[in-house]
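Tertiary structure, described
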Amino acid sequence: MDGQLSPEAMDAAASHLEGCVDCRLAVHQQQQLKARMREVFAPEPPPGLLESLSTLPQAPPSSPSWLNRLLSSSFLGASLVVLGASMAVVAVAYIIGAPEDAVADEVTPPFDRYTAEYVEVGRPTGSLTTDALDELDEYGWPCHAQLGAGLERVAGRWQSRGSTVALVYAGDGQLLNLFEQTGVLSKDALRGFEQRRYADHRVWVRDGHPRVVTWDADGITYTIVTDLDDSALTGAIADLPRPEDEPDLVQKVGNGLNRMTTWMSAA
């Protein structure tokens, strides 16, 4: 899991995981715990930031500004200092309030292989039993028995290399393949994709026959390969975990102010 095994030991472990549901679940739990433990630690403020922030409101100009000399108004000068300090605080809050870098490992799903499997194999025979799939669902891998309106789970298999669960859904002559891989989606993997929204999910889409849709949520990257129309696809995506939206300006400033308050309290 941490890349400390030799290639021979990795192969032996992968072979064992193929046939042992309990060990697969244990590995997944450790990967989830590893990712979430990293989130416990708040980011350290940049060197000197606390000191500079504490002096912002008390830092008047070293010499009277031309506007002060022109208007001879100490009140206006003080107001400008406070306004400037406030704008500086807001700017810093906006910068440090941006989303933190992903703590889970980045992954690049093999989209072309997924597409080839869909086109050439159609409906592959799964190696995981219904009980095993239901167990995976309970431990954080969404292996729902149904997706959308009328799509039933008909097969599932575990791919040890890449820690991926591959699921097949079918109904009324329609087919959908779903791949769930541990890790967050690499931005480098999105060349040729465009961002769209389905069922309030912000996802990445590569059009074609079949169509490929991908996103990540809660430390798992989801990839759908299907020829479903937009309506049926929207229903299927709605039943899967939703990715977090990019925070807007107000949310970034609010997040940044909260982090600054935490840093100052700890200082």
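Residues numbered from 1 in each chain as written. Predicted model: local features only at pLDDT ≥ 70, side-chain atom pairs only at ≥ 80, totals over all residues. Heavy atoms only, no water.

Re the pairing of strand β8 (residues 201–206)
What you see with β8 is a clean split: H201, V203 and V205 sit on the buried side and R202, W204 and R206 on the side with no burial. Sheet topology note: the strand β7 (residues 194–198)/β8 ladder contains five bridges and is antiparallel. Counterpart to Y198 in the pairing with β8 is H201. Hairpin connection, β7 to β8: the antiparallel pair is bridged by two residues, and A199 has positive phi, about 50 degrees. Pairing analysis gives three bridges linking β8 to strand β9 (residues 211–217), with the strands arranged antiparallel. Opposite R206, over in β9, you have V212 as the bridge partner. (Buried < 20%, exposed > 50% of the residue type's maximum accessible area, 1.4 Å probe, protein only. Helix = DSSP H or I, 4+ residues; strand = E, 2+ residues; numbered from the N terminus. Pairing = 2+ DSSP bridges.)

A closer look at the side chain of R157
Among the structural elements, R157 can be located in strand β3 (residues 151–159). Judged by its relative accessible area of 17%, R157 falls in the buried class. Within the structure, R157 has its side chain in polar contact with the side chain of E117 (distance 2.5 Å). (Polar contact = N/O pair within 3.5 Å; in protein donor to acceptor, adjacent residues only side chain to side chain.)

A closer look at helix α7 (residues 130–138)
Among all positions in α7, only A132, L133 and L136 are buried. The buried side chains of α7 occupy one side of the element, clustering within an arc of 100 degrees when seen end-on. Along α7, exposed side chains directed more than 90 degrees from the buried face belong to D131 and E138. In the segment just after α7, G140 is the residue with positive phi, at about 105 degrees. (Arc of directions from axis to C-beta.)

In short, geometric facts, not functional conclusions.
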